Amino acid sequence: MQMNKTRQLNIERIAETTRENITDYGIPNVFEVAEKLGYRVIRYPIGEDSFLGFSMIRDAEGIIFSNSSTILSREIFTVAHEIGHHKLHLSEQEGKTIIKDETLTGHTEEEIEANYFAACLLMPREKVDKFIRFELHDKPVEKWNGLDIARIQTAFSVSYDMALIRLKELEKLNGEQIERLKQDKAENTASKLLNAIKGNINLCISSDAKIVPAEYLEWAISNYNEKLIPKSSLEAVLNYVDIPVEELNLPPEKSDKDESFDDLLRGVD
Ligand SMILES: [Zn+2]
């Protein structure tokens, strides 16, 4: 499936507006960017083989979940992709409030668009041009090797493969050059290449981050204090981020109300 040119340009424009004041080549911290855009970002290690993430609107609030068991470069791409779903596809008025991503290889129109948005957000055309000019000194592409891709990876916080896909999309590399650079990765592995240039090796490792917006925790605690939820529900929420409930010096439980708070963080199954 192909996007038409108008839609493509439209997505590029939205990605550019989303980047706003970022002067770096890439986005140093996409999680922070998502928060600044007003989304509640939840990161949790739900296992390598589990789904990648989801975007959701709930009570007029945009939520982005990402699986931090995946390697960081992939998790970054997932969050950029989910921002794309929020910008392009989700709307409470139209009754579409959730999109879950098992993989990022979906071929539906929405998935192709969200991937394109993420690519434009993380590796905008003019930033790639600048990088090639100022950092690679317009080195002829026939002479590029895996180390150059590792440099691009580090500057744009993307995976080796994503860098290649985007460079092909931007017509910087042809099929033959891509194959040669893929070979380079197969022989050396992306982390060795990153190591060699003192690049960002973390991109190849999962962060296993457990991040829940502070507001959710505060809300849970105040709901407990207001006796709206039982201690067990508060405990469940705090367990999620490895905080033992005893650490909070909360007043003892008096209410026996059984209103469940679990659905706050349950997300989707
Ligand atoms: Zn998606």
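Residues numbered from 1 in each chain as written. Predicted model: local features only at pLDDT ≥ 70, side-chain atom pairs only at ≥ 80, totals over all residues. Heavy atoms only, no water.

When its secondary structure is counted, the protein chain shows 12 helices and 4 strands. Along the three orthogonal principal directions, the C-alpha set of the protein chain runs to about 70 × 40 × 35 Å. Buried positions account for 45% of the 269 residues belonging to the protein chain. Counting contacts in the protein chain only where the partners sit at least 6 residues apart, residues at least 24 apart contribute 69% of the total. (Helix = DSSP H or I, 4+ residues; strand = E, 2+ residues; numbered from the N terminus. Buried < 20%, exposed > 50% of the residue type's maximum accessible area, 1.4 Å probe, protein only. Contact = heavy atoms within 4.5 Å.)

Now for the coordination of the zinc ion. In an ideal octahedron of six donors the angles at the metal are 90 or 180 degrees, and in an ideal tetrahedron of four donors they are 109.5 degrees. At 1.9 to 2.8 Å from the zinc ion lie its protein donor atoms, namely His81 (NE2), His85 (NE2), Asp101 (OD), Asp101 (OD), Glu111 (OE) and Glu111 (OE). Note that the zinc ion binds 6 donor atoms; their angles at the metal cover 51 to 141 degrees, and the shape is irregular. Sequence spacing of the donor residues for the zinc ion, all on one chain, is H-x3-H-x15-D-x9-E. Remark: Glu111 occurs in helix H4 (residues 109–122) and Asp101 occurs in strand E4 (residues 98–101); sequence separation between them is 10 residues. (Donors = N, O, S within 2.8 Å, 3.2 Å for Na, K, Ca; no water. Tetrahedral: all angles 85-135°; square planar, octahedral: opposite > 155°, others 65-115°.)

Here the focus is the sheet that holds strand E3 (residues 61–67). Taken together, the 4 strands give an open sheet; going across it, the order is E1-E3-E2-E4, and neighbouring strands pair in mixed fashion. For this open sheet the edge positions go to strand E1 (40–44) and E4, each flanked by a neighbour on one side alone. Sheet twist, expressed as the mean angle between neighbouring strand axes with direction ignored, is 15 degrees. For E1 and E3, the ladder comprises 5 bridges, and the chain directions are parallel. Paired with Tyr44 across the strands is Asn67, a residue of E3. (Pairing = 2+ DSSP bridges. Axes fitted to C-alpha atoms, helices over the stretch in contact; angles between N-to-C directions.)

Turning our attention to the packing of aromatic side chains. Counted by the stated rule, this structure contains 6 aromatic pairs. Taking the centre distance of 6.1 Å and the plane angle of 55 degrees together, the rings of Tyr25 and Phe156 count as tilted. Pair noted here: Tyr25 is in the loop between helix H1 (5–19) and helix H2 (30–36) and Phe156 is in helix H6 (residues 146–156), with a separation of 131 residues, a long-range link. The class of Phe156 is buried, set by a relative accessible area of 1%. When the ring of Phe51 is compared with that of Phe65, the centres are 5.9 Å apart and the planes differ by 40 degrees; the resulting orientation is tilted. Of this pair, Phe51 sits in the loop between E1 and strand E2 (53–58) while Phe65 sits in strand E3, and the two are 14 residues apart along the sequence. (Phe/Tyr/Trp six-rings, centres within 6.5 Å; stacked < 30°, edge-to-face > 60°.)

Phi angles above zero are rare outside glycine, and Glu171 is one such case at about 60 degrees. With respect to the helices and strands, the residue Glu171 is situated in the loop between helix H7 (160–169) and helix H8 (175–188). Phi at Asp208 takes a positive value of approximately 55 degrees, unusual for a residue other than glycine. In this fold, Asp208 is placed in the loop between helix H9 (190–196) and helix H10 (214–225). Using a relative accessible area of 41% as the deciding quantity, one classes Asp208 as partly exposed.

Right, let's talk about the packing of H7 against H8 for a bit. Interaxial distance between H7 and H8 falls to 11 Å at its minimum, and their mutual angle equals 170 degrees. Here H7 lies roughly antiparallel to H8, going by the angle between them. Residues Tyr160, Asp161, Leu164 and Lys168 of H7 touch H8, and the partners they reach there are Gly175, Ile178, Leu181, Lys182, Asp184 and Lys185. (Parallel < 35°, antiparallel > 145°, perpendicular 65-115°, else oblique.)

Below, the discussion takes up the domain arrangement of the protein chain. When cut into domains, the protein chain gives domain 1 (5–122), domain 2 (125–203) and domain 3 (214–263). Distance between the C-alpha centres of domain 2 and domain 3: 47 Å. (Domains from an automatic or database assignment.)

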